[in-house]
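# Fold and geometry: a report
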Amino acid sequence: MPNNYQRLKEEADIAMVVNSLQIPATRRGSAWFIPCPNPGHSDEHATNCYYKDGWNNVYCCACGKSFQAIDLIMYTLGCDYGEAADYLWELEGCPSWYHNRKQKKERFTLTREEAKLIGMHPVGKAYLPERMADQKRKLPGGREYYQKELDSYLECRVERVRWQDFLTEAQYLAVVRNKCRETRQRLEESLSYFQSLEGALEDRDVREGTLSLFRASCEEQLKAVEGITKRLKAA
Ligand SMILES: [Zn+2]
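In what follows, the accompanying structure is described. (Residues numbered from 1 in each chain as written. Predicted model: local features only at pLDDT ≥ 70, side-chain atom pairs only at ≥ 80, totals over all residues. Heavy atoms only, no water.)

## So, the overall build of the chain
- When you go through the chain residue by residue, the secondary structure sums to nine helices and eight strands.
- Radius of gyration (C-alpha) of the chain: 33 Å, far over the 18 Å computed for a compact globule of 235 residues.
- By its C-alpha atoms, the chain is 95 × 65 × 25 Å across when sized along the principal axes.
- A buried classification covers 31% of the 235 residues belonging to the chain.
- Here the analysis covers contacts within the chain between residues at least 6 apart in sequence; of these, 53% occur between residues at least 24 apart.
- In the form shown here, the chain has an accessible surface area of approximately 15,700 Å², with 49% of it arising from carbon and sulfur atoms. (Helix = DSSP H or I, 4+ residues; strand = E, 2+ residues; numbered from the N terminus. Rg over C-alpha atoms; globule rule 2.2 N^0.38 Å. Buried < 20%, exposed > 50% of the residue type's maximum accessible area, 1.4 Å probe, protein only. Contact = heavy atoms within 4.5 Å. Areas by Shrake-Rupley, 256 points an atom, 1.4 Å probe, with all protein chains shown as cover.)

## Notes on the sheet that holds strand 3 (residues 49-52)
- Taking strand neighbours across the sheet as the criterion, the five strands line up as 1-2-3-4-5 in an open arrangement whose pairing is antiparallel. Of all strands in the sheet, those with a lone pairing partner are strand 1 (26-28) and strand 5 (65-68), marking the two edges. Averaged over all pairs of adjacent strands, the angle between strand axes in this sheet comes to 35 degrees, irrespective of strand direction.
- Pairing of strand 3 with strand 4 (residues 57-60) involves two bridges; the strand directions are antiparallel. Across the sheet, C49 pairs through a bridge with C60, a residue of strand 4.
- Of the strands in this sheet, strand 2 (31-34), strand 4 and strand 5 touch helix 3 (residues 69-77), which is tilted by about 80 degrees from strand 5. (Pairing = 2+ DSSP bridges. Axes fitted to C-alpha atoms, helices over the stretch in contact; angles between N-to-C directions.)

## A few points about the packing of helix 7 (residues 169-200) against helix 9 (residues 210-234)
- The N-to-C vectors of helix 7 and helix 9 enclose an angle of 155 degrees; their axes lie 9 Å apart at closest approach. In terms of orientation, helix 7 and helix 9 fall into the roughly antiparallel class. Considering the relative orientation of helix 7 and helix 9, their crossing is left-handed. (Parallel < 35°, antiparallel > 145°, perpendicular 65-115°, else oblique. Left-handed = near helix turned anticlockwise from the far one by under 90°.)

## Examining the coordination of the zinc ion
- For the zinc ion, the protein coordination sphere consists of C36 (SG), H41 (ND1), C60 (SG) and C63 (SG), at 2.0 to 2.3 Å.
- Because the angles between the four donor atoms bound to the zinc ion fall within 102 to 118 degrees, the donor set is best described as tetrahedral.
- Taking the relative accessible area as the measure of exposure, H41 reaches 17% and is therefore buried.
- Since its relative accessible area comes to 25%, C63 is described here as partly exposed. (Donors = N, O, S within 2.8 Å, 3.2 Å for Na, K, Ca; no water. Tetrahedral: all angles 85-135°; square planar, octahedral: opposite > 155°, others 65-115°.)

## A short note on the packing of aromatic side chains
- Per the stated rule, a full pass over the model turns up 12 aromatic pairs.
- Ring plane angle 80 degrees and centroid distance 6.3 Å describe the contact between Y50 and Y59, whose orientation is recorded as edge-to-face.
- Cluster of aromatic residues (ring-pair linked, three or more members): Y5, Y81, W89 and Y98.
- Geometry around F33 places R28 over its ring, the cationic atom sitting 4.4 Å from the centre. (Phe/Tyr/Trp six-rings, centres within 6.5 Å; stacked < 30°, edge-to-face > 60°. Lys NZ or Arg CZ within 6 Å of the ring centre and 35° of its normal.)

## Section: the pairing of strand 3
- Strand direction decides the pairing type here: strand 2 and strand 3, joined by four bridges, are antiparallel. Its bridge partner lying in strand 3, W32 is registered against Y51.
- Between strand 3 and strand 4, which follow one another and run antiparallel, lie four residues, and G54 among them has a positive phi close to 95 degrees.

## Considerations on helix 3
- For helix 3, every residue scored as buried is listed here: A69, I70, L72 and I73. Projected down its long axis, helix 3 carries its buried residues within an arc of 160 degrees, all on one side.
- Against helix 1 (5-10), helix 2 (14-20), strand 2, strand 4, strand 5 and helix 4 (81-91) lie the buried residues of helix 3.
- Count one or two residues on from helix 3 and you reach G78, which has phi positive near 65 degrees. (Arc of directions from axis to C-beta.)

Listed below in structure tokens is the structure:
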């Protein structure tokens, strides 16, 4: 969802915008005339384009068009829409409703099954050595012996590590994306293999038995991978 441009434009005070942009305005009756901001209209005498107090836009009689605050800012400063909108936002006193707060996205996570499917081990163990001993004893919680130590007993504190502990969010997402692509490729290959087998087999029982189970399983896993990919795109 984009920022709330509509409300920003509606609530704009065009006189304030004109002043802020230091556009010369000439009063005639109840109207203020400015040079037309339209780049397609070379308006030198400022007799066509005007606004009145309380308006949120200017109107050019020659162009037959009204220009709202963001247009006026864009044309005058030569900036893009987003920059002009931010300019207007600041001019309006930085109202909090402008920025869409929906950007607080939920963190992307994989379920245990999903992680297994794409070959990511969600949690690993880190062994942090604490004590070397000759004899084995019953270890307190969170402690294990390091299995690869052969001559003695190395007591370790065991810490769970997750991908997120040593990858940034963006790196983690990139890894997941790659794993998804690999898995999808593998599954698609299997699927087309099963399909070609099914086509080639004469035996109906095999075709509709085991083989169709394999195929269904492939399709199900593919669907799961697609589900992850979809969430990745939103992350
Ligand atoms: Zn004009």
